[in-house]
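Residues per chain, in single letters:
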Amino acid sequence: MSLAALWDSLLPIGLAAETGGYRRYSFTAADSGCRDWFFTAAAERGLRACGDRNANLWAWWDCPVAGAGQMPAPGAIVTGSHLDSVPDGGAFDGPLGVVSAFAAVDLLREQGFSPVRPIAIAAFCEEEGARFGVACLGSRLLSGALEPRAARQLRDGTGVTLAEAMTGAGLDPAALGSDEELLGGLAAFVELHIEQGSALDELGAAVGIAAGIWPHGRWLLDFAGRADHAGTTRIADRRDPMLPYAATVLAARQAAAQHGALATFGKVRAEPGGVNGISARVRAWLDARAPDEATLDRVTSDIGSSAAAAASRHGVALTVSRESFSPAVEFDRALRDRLAGALTASGIAAPVLPTGAGHDAGVLAAVLPTAMLFVRNPTGVSHSPAEHAAQPDCETGVTALAAVLAELAGR
Ligand code: GLV
Ligand code: MN
Ligand code: MN
């Protein structure tokens, strides 16, 4: 099947017609559609597909073991990405890596390649953290970076726990946890992803190689004030949590600009949410990222101090909790060099780029050599329906990924 046909078969799943964005949240009908799509794509290729203990999906291109059973199977080369989305996300962030993985397997077979190591295609569960708040949920659980007990208790915006959602989807939350046996069979993970910036476009390159990922995290700021009447409560008598929240948004912007970092409030909930009422509570989620951890600490501590001061000025209580954190990642140098060598040998010029976006490859870098390929995004827009990569660049991405898999799984 061509890359375009494979891509088209995934496109309708989880698409919100009113916005043109994707709402592929874990353990929902859209997620189940994506999972079915994955199993179908694997079956069409004769790949052995299964879910792991952490709701991640795997499709295996097994290969005969050298020495007819006397030798243990050598470490598998894993590629893939994720199928979930942010609210009203674009089509490419995540799915491009999974679709390209299947297409790369097709291309390798057309080329007559036979692997001497197994090749696996993975689709990791809830990379975006859009439902349960923790980014890279599936890869964190797999690698032991997240405790299964804490994970089971995570709640979505309606109060449903992860354990309940998994059970509802026919999965077993008791099985969650680090999977040494699975990890022990893996030699490397290479994730292909749309670039979430326009560096490749500026450099005139279709494909790039990731250098590393900025440290980043998510914090929940919970401002608790006092609900009251919008038309009768005197200004001096108000304990309005919206005001320290608003001051904190501006402080975050200022702190980020001052330190060369990024800080975003992309999600906020005012409760109870009446137009003619002062809010009882404002909960807001801060996403902060910086080139290094010391800078990130400075930025988040400046934002926390500003929030605390503003809350106190307005008679509002504030609690701050960190919901997820990803340390700085520098991808494995030797693996990166092998990627660069394979691409050069295939005539693909691939610049090396850092990124502020988080990825499963960043989480798995703690337990496995990992690397990433980026595909040009002409506008740089991502986490939006406007996210786009041109078909010829996606084809180059598949060629690049196939070359990398041939290099890594061919010997
Ligand atoms: C994922 O795309 C992230 O960077 O949050
Ligand atoms: Mn994303
Ligand atoms: Mn992604």
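Look above for the structure.
Residues numbered from 1 in each chain as written. Chains lettered and ligands numbered in written order. Predicted model: local features only at pLDDT ≥ 70, side-chain atom pairs only at ≥ 80, totals over all residues. Heavy atoms only, no water.

Participant: Quick question: what am I supposed to make of the overall build of the protein here?
Facilitator: Helix and strand counts for the protein stand at 13 helices and 17 strands. Over its C-alpha trace the protein gives a radius of gyration of 23 Å, about what one expects of a compact globule, namely 22 Å for 411 residues. Expressed along its principal axes, the backbone C-alpha trace of the protein runs to roughly 80 × 45 × 40 Å. Residues counted as buried form 53% of the 411 residues belonging to the protein. Here the analysis covers contacts within the protein between residues at least 6 apart in sequence; of these, 77% occur between residues at least 24 apart. When the accessible surface of the protein is totalled, it reaches about 17100 Å², and 54% of it is carbon and sulfur. Between the mean site of the 32 positive side-chain charges and the mean site of the 45 negative ones, the protein shows a separation of 6 Å. (Helix = DSSP H or I, 4+ residues; strand = E, 2+ residues; numbered from the N terminus. Rg over C-alpha atoms; globule rule 2.2 N^0.38 Å. Buried < 20%, exposed > 50% of the residue type's maximum accessible area, 1.4 Å probe, protein only. Contact = heavy atoms within 4.5 Å. Areas by Shrake-Rupley, 256 points an atom, 1.4 Å probe, with all protein chains shown as cover. Lys, Arg positive; Asp, Glu negative; His and termini not counted. Charge placed at Lys NZ, Arg CZ, Asp CG, Glu CD.)

Participant: What is the right way to read the sheet that holds strand β14 (residues 317-326) from this model?
Facilitator: The strands making up a sheet are joined through hydrogen bonds of the backbone, oriented either antiparallel or parallel. Strand order in the open sheet formed by four strands is β11-β13-β9-β14, with antiparallel pairing between adjacent strands. Edge positions in the sheet fall to β11 (262-271) and β14, since each of these pairs with one other strand and no more. Each strand axis lies, on average, 15° off the axis of its neighbour in the sheet, ignoring direction. Direction of pairing for strand β9 (residues 216-224) relative to β14: antiparallel, over a ladder of nine bridges. Following the sheet pairing, Trp219 is matched in β14 by Arg322. The strands touched by helix α9 (residues 242-259) within the sheet are β9, β11 and β13 (281-289), with β11 carrying the most contacts at an inclination of about 170°. (Pairing = 2+ DSSP bridges. Axes fitted to C-alpha atoms, helices over the stretch in contact; angles between N-to-C directions.)

Participant: Looking at this structure, I do not really get the coordination of the manganese ion (ligand 3). What am I missing?
Facilitator: Perfect tetrahedral coordination of a metal by four donors corresponds to 109.5 degrees between them, and perfect octahedral coordination by six donors corresponds to 90 or 180 degrees. Protein coordination at the manganese ion (ligand 3): the donors are His82 (NE2), Asp93 (OD) and His193 (NE2), at 2.0 to 2.2 Å from the metal. Here the donor residues for the manganese ion (ligand 3) map to a single chain with the spacing H-x10-D-x99-H. In this model, the manganese ion (ligand 3) sits 3.6 Å from the manganese ion (ligand 2), the two metals being bridged by Asp93. Placement of Asp93 in the loop between β5 (76-82) and α3 (95-110) and of His193 in strand β7 (residues 186-194) is noted, with a sequence separation of 100 residues between them. Accessibility assignment for this pair places Asp93 and His193 in one class, buried. (Donors = N, O, S within 2.8 Å, 3.2 Å for Na, K, Ca; no water.)

Participant: Honestly, the pattern of salt bridges in this entry has me stumped. Any pointers?
Facilitator: Side-chain pairs of opposite charge can arise whenever the charged atoms involved come near each other. All chains considered together, the criterion is met by 17 salt bridges. One salt bridge in this structure joins Arg35 and Asp31, with 2.9 Å as the shortest N-O distance. One end of the pair, Arg35, and the other, Asp31, are both in helix α2 (residues 29-44), four residues apart, so they sit about a helical turn from each other. Across this residue pair, the class does not change: Arg35 and Asp31 are buried. Linked by salt bridges that have partners in common, Asp222, Glu271, Arg281 and Arg283 make up one network. (Salt bridge = Lys/Arg side-chain N within 4 Å of Asp/Glu carboxyl O.)

Participant: For this particular structure, what's the right way to read the pairing of β5?
Facilitator: Remark: a regular strand shows side chains that alternate across the two faces of the sheet. Counting buried positions along β5 gives seven out of seven residues, so the element sits mostly inside the fold. With four bridges joining them, β5 and β7 adopt parallel strand pairing. Across the sheet, residue Thr79 finds its bridge partner in β7, namely Val190. Where β5 meets strand β6 (residues 119-124), six bridges bridge the pair, whose relative direction is parallel.

Participant: Can you walk me through the coordination of the manganese ion (ligand 2) in this structure?
Facilitator: Every protein donor of the manganese ion (ligand 2) is listed here as Asp93 (OD), Glu128 (OE), Glu128 (OE) and His383 (NE2), and their distances to the metal cover 2.0 to 2.7 Å. Going along the chain, you hit the donors of the manganese ion (ligand 2) in the pattern D-x34-E-x254-H.

Participant: Which parts of the structure should I look at to understand the nonpolar core?
Facilitator: In summary, soluble globular proteins display a tendency toward joint burial of nonpolar side chains. Grouped together as the largest cluster of nonpolar side chains are 58 residues, with contacts concentrated most on Trp37, Phe38, Phe102, Leu339 and Leu373. Examining the composition of this core, we find that 10 residues originate from one element, α3, more than from any other. If near-sequence neighbours (up to four positions away) are discounted, Trp37 is found in contact with Leu6, Ser9, Leu10, Ile13, Leu83, Val98, Val99 and Phe102. Val78, Leu142, Leu186 and Phe374 belong to the second largest nonpolar core, which has 24 residues in total. (Core = buried A, V, L, I, M, F, W, Y, C linked by side-chain atoms within 4.5 Å.)

Participant: Is there a simple way to explain the site of ligand 1 in this structure?
Facilitator: Neighbouring residues of ligand 1: Asp93, Glu127, Glu128, Arg289, Ala357, Gly358 and His383. Arg289 places a polar side-chain atom, nitrogen or oxygen, 2.7 Å from an oxygen atom of ligand 1. Within the backbone of Gly358, an N or O atom sits 2.7 Å from an oxygen atom of ligand 1. Notes on ligand 1: free accessible area 200 Å², of which the protein chains cover 94%. Taken together, the residues that form the shell around ligand 1 break down as one nonpolar, two polar and four charged. (Near = heavy atom within 4 Å. Polar contact = N/O pair within 3.5 Å; in protein donor to acceptor, adjacent residues only side chain to side chain. Nonpolar A, V, L, I, M, F, W, Y, C, P; charged D, E, K, R; others polar.)

Participant: Even after reading the chapter, I still don't get the packing of helix α1 (residues 3-10) against α3, so can you show me in this structure?
Facilitator: Two numbers describe a pair of packed helices, the interaxial angle and the distance between the axes. Two elements in contact, α1 and α3, have axes separated by 10 Å at closest approach and are oriented at 140°. The angle between the axes of α1 and α3 places the two elements in the oblique class. Here α1 runs over α3; the crossing is right-handed. Judged by residue contacts, Leu3, Leu6, Trp7 and Leu10 of α1 engage Pro95, Leu96, Val99, Phe102 and Ala103 from α3. In the contact of α1 with α3, the residues fall into nine nonpolar, no polar and no charged. (Parallel < 35°, antiparallel > 145°, perpendicular 65-115°, else oblique. Left-handed = near helix turned anticlockwise from the far one by under 90°.)

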